[in-house]
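Here is what each chain is made of, one letter per residue.
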Amino acid sequence: MTQNSNEPREALTPGVRESNAAVAEGIVPQLIARPVPVQTSGRLEFAARCPECHDWHRHVSLGEKDAPCGAHYVLEFKTKLKGAA
């Protein structure tokens, strides 16, 4: 056996303690999905690949969304990089 095999699972996976602590404090990380505009015959819709199920979902507006698969994410375009003109 190696020395690491006797350590708890949290010690083997970096970042687990921080994320568990954040969830315990009520801070839930927000998932972000980047939309692709889709012009239909009747309106403008936004398609995005779901960060949880990795399927495509379509929405009629931007903002916080509840997907059909049960995922909750923010649908927003990527902003420009700092220093870009």
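Residues numbered from 1 in each chain as written. Predicted model: local features only at pLDDT ≥ 70, side-chain atom pairs only at ≥ 80, totals over all residues. Heavy atoms only, no water.

Draft legend 1. Seen up close, the pattern of salt bridges. All told, the structure shown has three salt bridges when counted by the stated rule. Across the pair Arg34 and Glu76 runs a salt bridge, and its minimum N-O distance is 3.8 Å. Taken together, the residues Arg34 in the loop between strand S1 (32-33) and strand S2 (36-39) and Glu76 in the segment after strand S6 (72-75) connect sequence positions 42 residues apart. On the accessibility criterion, Glu76 (34% relative accessible area) is partly exposed. With a closest N to O distance of 3.0 Å, Glu45 and Arg43 form a salt bridge. (Salt bridge = Lys/Arg side-chain N within 4 Å of Asp/Glu carboxyl O. Helix = DSSP H or I, 4+ residues; strand = E, 2+ residues; numbered from the N terminus. Buried < 20%, exposed > 50% of the residue type's maximum accessible area, 1.4 Å probe, protein only.)

Draft legend 2. Up close: the confidence of the model for the chain. Looking at the chain as a whole, its pLDDT mean stands at 76, while 60% of the residues score no less than 70. In this model residues 1-5 is a low-confidence stretch, pLDDT under 50, and it forms two contacts with partners more than four residues away in sequence or in other chains. Residue range residues 7-23 is modelled with pLDDT below 50. Its contacts to residues more than four positions away, or to other chains, number six contacts. (pLDDT = per-residue confidence, 0-100. Contact = heavy atoms within 4.5 Å.)

Draft legend 3. Representation of the packing of aromatic side chains within the structure. By the definition in use, this model includes one aromatic pair. Ring geometry for Phe46 and Phe77: centres 6.1 Å apart, planes at 75°, overall edge-to-face. In this pair, Phe46 sits in strand S3 (residues 44-49) while Phe77 sits in the segment after S6, placing the two residues 31 residues apart along the sequence. (Phe/Tyr/Trp six-rings, centres within 6.5 Å; stacked < 30°, edge-to-face > 60°.)

Draft legend 4. Quick peek at the sheet that holds S3. The three strands lie next to each other as S2-S3-S4, forming an open sheet whose pairing is antiparallel. The sheet is open, and its two borders are formed by S2 and strand S4 (56-59), each paired with just one other strand. Across the sheet, the mean angle separating the axes of adjacent strands is 35° when strand polarity is ignored. As judged from the four bridges shared by S2 and S3, these two strands associate in the antiparallel manner. Bridge pairing in S3 places Val38 opposite Glu45. (Pairing = 2+ DSSP bridges. Axes fitted to C-alpha atoms, helices over the stretch in contact; angles between N-to-C directions.)

Draft legend 5. Summary view of the side chain of His57. Its place among the elements puts His57 in strand S4. Each residue touching His57, except ones within four places of it in the same chain, is listed here: Phe46, Ala47, Ala48, Cys50, Ala67, Pro68, Cys69 and Tyr73.

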